[in-house]
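Single-letter residue listing:
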Amino acid sequence: MKKFYKILFLAVLGTTLCLSASRSSEAKKNFTVSPSSKPYKNKYVKTPVYNKYTRHYLMLRSYLDEMSKRGGGTLTLKKGTYNLTNALPISSNITVILKDGVVMNKTNNTHTKKLKAGHIMFECVRSSRLKKKNSIGGYGGEKNIRIAGEGKVVMNLAKCNKSEAIRVPHCSNVTIENISFTNLRDGHFIEITAAKDVTVTNCSFANNKNGERCAINLDTPDKVTNGFNGKYSKFDKTPDLNVTIQNCSFTNLYRGIDTHRFSPNKYHTNVQILNCTFRNSVQSPIMMENWKNAVIRGNTIDGVQGWNGNDIQKEKFGIFMRGGVIDPVISGNTFQNVYMPFYAKGHKEPKGDIAASYPATYNSFSPASIESMKQNSLGANAVLRYFAINNPDTLYIAKSDKHYSSYYFAQP
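Residues numbered from 1 in each chain as written. Predicted model: local features only at pLDDT ≥ 70, side-chain atom pairs only at ≥ 80, totals over all residues. Heavy atoms only, no water.

**Q** Mind laying out the nonpolar core, listing which residues take part and the relevant values?
**A** In this structure, Met-104, Met-155, Phe-181, Phe-205, Ile-216 and Phe-250 are the most contacted members of the largest nonpolar core, which totals 82 residues. When near neighbours in sequence (up to four residues on either side) are disregarded, Phe-250 contacts Phe-205, Ala-215, Ile-216, Ile-245, Gly-256, Ile-257, Cys-276, Thr-277, Phe-278 and Arg-279. (Core = buried A, V, L, I, M, F, W, Y, C linked by side-chain atoms within 4.5 Å. Buried < 20%, exposed > 50% of the residue type's maximum accessible area, 1.4 Å probe, protein only. Contact = heavy atoms within 4.5 Å.)

And the structure:
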């Protein structure tokens, strides 16, 4: 009997120790910091690049790099202001939680010659790959990343000349949610390149300060188009797959969501823009190029600034299908204060452009796709109360209605 109790005691002790070790290991993967925190184990503190301008960047990077070594975890940022000079690398299986009251400023000067400021706030690439050329291709980069706000959280790009808040290259299963992005400067708030299964939800994007860029850009890594410059990329022209942008607002921007460079026969597939609001855009708030099977549903587009009726190239539409758009579903949207709800044509880069060697890209619409476009609503001040699709696609459209040859239908 004593032997039985001894075995039972050892079994219970072993289970307890295993559970304790498991909890301890899990706890070590999760960290909470504030603006006054020091880097993990004082890393960087005694280096010449650590100063009051770089300390938030180096502090956060130290924890993210440590979490990367441990296979992931959760980094929680307490309320306060964080000034970031350089990109914070996010590796697989990491969640970043931004608590109510967090403000993240992208800044432009490290005040040391030993570290040049970058233009990105968060880059979903692990540190060991950032400077390694041609190291990531396809969807083989980081996975299972979440960047989420709790309460009012702001990412502010006003304090730099050129910037991006979050870059998502060659990744899979990435979620960005509940963040207010503001003050865009000659860049994108979010760039999604060669990524799949990406969701952006309950975010706001506001105020273009300078530059003719969009809030969210979908791109392929292609050296010919030069739309993406991450040296770690294999530049294999991988398109985006399964990107969902929902319940977001876009206000006072040059453009909301777009693709403005294409790689031949590469199509961003299953892009969904759902229940979003676009207000006061300079040009078409949604511009699609080489998108296949997109769903644009339940959105409100209110206000595209001005229109020069003699120049259709000004792109003052609610939705602009600029070429390579295949069988979209565009329904249940409301358009008001726009020149034309949506418009489609083919596209080829002009002579002298870096991508002029690429052939033109053309649209293709099934009868079901055409029918879906009739299921939208026009509100106030739609200057032309019809939708127009130009087929066969041409590169320049004159004023005459005869150019809208195949599909031209009035709003029901």
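Back to the text.
**Q** With reference to specific residues and values, describe the pattern of salt bridges.
**A** Opposite charge on two side chains lets them pair, provided their charged atoms get close. Going through the model one piece at a time under the given rule, you end up with 14 salt bridges. Note that Asp-65 is salt-bridged to Arg-61, the shortest N-O span being 3.2 Å. A residue pair is termed a helical-turn pair when its members lie 3 or 4 positions apart in one helix, as Asp-65 and Arg-61 do in helix α2 (residues 55–69) at four residues. You can call Asp-65 buried: its relative accessible area is 12%. Asp-302 is the partner of Arg-279 in a salt bridge, and the nearest nitrogen-oxygen pair spans 3.1 Å. Of this pair, Arg-279 sits in strand β21 (residues 277–281) while Asp-302 sits in strand β25 (residues 300–304); the two residues are 23 residues apart in sequence, bridging distant segments of the chain. Take Asp-302: its relative accessible area is 16%, and that puts it in the buried class. Through salt bridges with shared partners, a single ionic network connects Arg-261, Glu-289, Arg-322, Glu-349 and Asp-353. (Salt bridge = Lys/Arg side-chain N within 4 Å of Asp/Glu carboxyl O. Helix = DSSP H or I, 4+ residues; strand = E, 2+ residues; numbered from the N terminus.)

**Q** Could you give an account of the confidence of the model for the protein chain, naming the residues involved and the relevant values?
**A** This prediction gives the protein chain a mean pLDDT of 86; 83% of its residues lie at or above 70. Here residues 307–313 scores under 50 on pLDDT; set against residues more than four positions off or in separate chains, the count is 15 contacts. Under a pLDDT of 50 for its full length, residues 391–412 has, in the predicted model, 58 contacts with residues more than four places off or in other chains. (pLDDT = per-residue confidence, 0-100.)

**Q** Tell me about the sheet that holds strand β12 (residues 180–185), residues and numbers included.
**A** The strands making up a sheet are joined through hydrogen bonds of the backbone, oriented either antiparallel or parallel. If you walk across this open sheet you meet the 10 strands as β3-β6-β9-β12-β15-β18-β21-β25-β28-β30, and the pairing is parallel. Of all strands in the sheet, those with a lone pairing partner are β3 (80–84) and β30 (377–378), marking the two edges. Pairing of β12 with strand β15 (residues 204–210) involves five bridges; the strand directions are parallel. Counterpart to Leu-184 in the pairing with β15 is Asn-208. (Pairing = 2+ DSSP bridges.)

**Q** Which residues make up the environment of Lys-52, and what values do they have?
**A** Topologically, Lys-52 is positioned in the loop between β1 (31–33) and α2. A relative accessible area of 62% means that Lys-52 is categorised as exposed.

**Q** Quick one: what's the story with unusual backbone geometry, residue by residue and with numbers?
**A** At Asn-207, a residue that is not glycine, the phi angle is positive and equals roughly 75°. Mapped onto the secondary structure, Asn-207 falls in strand β15.

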